[in-house]
Structure formats: structure tokens, C-alpha cells
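# A structural walkthrough
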Amino acid sequence: MAQPTVETGGVKNLTASGAISNGPCNLIGFYVNSTTSGTLIIKDGGSSGTALGGTITPAIGFHRFPATIGASGYATIGNTLDVTFFYTSSN
């Protein structure tokens, strides 16, 4: 019998721009705890890294965002946003 897929990982909560991970990781997604017109840009390679998409204006709740981050994950947050990221280490 096939085993079920379990999507679990580390967590990182941010309310201002900052590092999601300090090294390579696989992003599972993020949960928006609260927002007031908050925006989010997820990057690979720190604050000046490569954006993994455009500017996201997320609603409250969970958002799947499966992505491989090769260097380090970084979130640029605009306005008010409380967000928790879920990721697995790829070391």
C-alpha cells in the first residue's frame, strides 16, 4: 500500500521584510494570519535576490506556493501583513 504524502516542515513567522531561510529550502506555502492591504514578494537570494513571482496581495488563509529556493529565502512585505511560511530544508 502506498504511503500518504505528508507536507510538513519548518515554520517562520514574519510581520516585516526578512529572511524565510538562511540557506536552500523548498517552500511549501504560507499562511496569512492578518493583513491590512499587505503585499508580499518572495525572493531567492536575500533582499536583492530574484523574485519568484510578482507582487502578491494575499487574503487571510493558507496559500500553496511550492518553490525551490537555491540560495536563501527572503520575503519583502509591504503595508501590514502577518505571515507564516512553511518550508523544508534542501541541504
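I will try to describe carefully the structure that is included in this document. Because the structure is predicted, anything quoted here is derived from the model rather than measured.

Another aspect to go through is the overall build of the protein chain. Secondary structure summary: the protein chain contains zero helices and six strands in total. Reading the protein chain from its N terminus to its C terminus gives the helix and strand order β-β-β-β-β-β. The globule rule puts the C-alpha radius of gyration for 91 residues at 12 Å, and the 13 Å found for the protein chain is close to it. In terms of principal-axis extent, the alpha carbons of the protein chain reach across some 45 × 25 × 20 Å.

Attention shifts here to the packing of aromatic side chains. A complete count under the given rule lists three aromatic pairs for this structure. Residues Phe 30 and Phe 65 carry aromatic rings whose centres are separated by 6.4 Å and whose planes lie at 50° to one another, so their mutual orientation is tilted. Of this pair, Phe 30 sits in strand 3 (residues 25–44) while Phe 65 sits in strand 5 (residues 61–69), and the two are 35 residues apart along the sequence. Overall, Phe 30 belongs to the buried group, its relative accessible area being 2%.

On to the nonpolar core. The biggest cluster of nonpolar side chains holds 17 residues, and the ones touching the most others in it are Leu 27, Phe 30, Leu 40, Ile 42, Val 83 and Phe 85. Secondary structure elements with two or more residues in this core: strand 3, strand 5 and strand 6 (73–89). Every residue in contact with Val 83, bar those within four places of it in the chain, is listed here: Lys 12, Asn 13, Leu 14, Phe 30, Tyr 31, Val 32, Asn 33 and Ile 77.

Here the focus is the side chain of Ser 21. Within the secondary structure layout, Ser 21 lies in the loop between strand 2 (18–19) and strand 3. For Ser 21, a relative accessible area of 7% puts it in the buried group. Of note is the side chain of Ser 21, whose polar atom sits 2.8 Å from the backbone oxygen of Gly 23. Looking at Ser 21, its side chain comes within polar contact range of the main-chain nitrogen of Gly 73, at 3.1 Å.

So, on to the environment of Asn 26. By the secondary structure assignment, Asn 26 is in strand 3. Judged by relative accessible area, which is 28%, Asn 26 ranks as partly exposed. Considered as a pair, Asn 26 and Ile 60 are 34 residues apart in the sequence and their alpha carbons are 22 Å apart. The residues contacting Asn 26, other than those within four sequence positions of it, are Ala 67, Thr 68, Phe 86, Tyr 87, Thr 88, Ser 89 and Ser 90. Of note is the side chain of Asn 26, whose polar atom sits 3.4 Å from the side chain of Thr 68.

A cluster of nonpolar side chains, contributed by Tyr 31, Ile 60 and Phe 62, occupies part of the molecular surface with about 300 Å² of accessible area. Examined against the element boundaries, Ile 60 turns out to sit in the loop between strand 4 (50–51) and strand 5. Looking at Ile 60, the relative accessible area reads 55%, which means it is exposed.

Criteria and cut-off values
Residues numbered from 1 in each chain as written. Predicted model: local features only at pLDDT ≥ 70, side-chain atom pairs only at ≥ 80, totals over all residues. Heavy atoms only, no water. Helix = DSSP H or I, 4+ residues; strand = E, 2+ residues; numbered from the N terminus. Rg over C-alpha atoms; globule rule 2.2 N^0.38 Å. Phe/Tyr/Trp six-rings, centres within 6.5 Å; stacked < 30°, edge-to-face > 60°. Buried < 20%, exposed > 50% of the residue type's maximum accessible area, 1.4 Å probe, protein only. Core = buried A, V, L, I, M, F, W, Y, C linked by side-chain atoms within 4.5 Å. Contact = heavy atoms within 4.5 Å. Polar contact = N/O pair within 3.5 Å; in protein donor to acceptor, adjacent residues only side chain to side chain. Patch = residues over 30% accessible without salt bridge, like charges linked within 9 Å, V, L, I, M, F, W, Y side chains within 5 Å. Areas by Shrake-Rupley, 256 points an atom, 1.4 Å probe, with all protein chains shown as cover. Salt bridge = Lys/Arg side-chain N within 4 Å of Asp/Glu carboxyl O.

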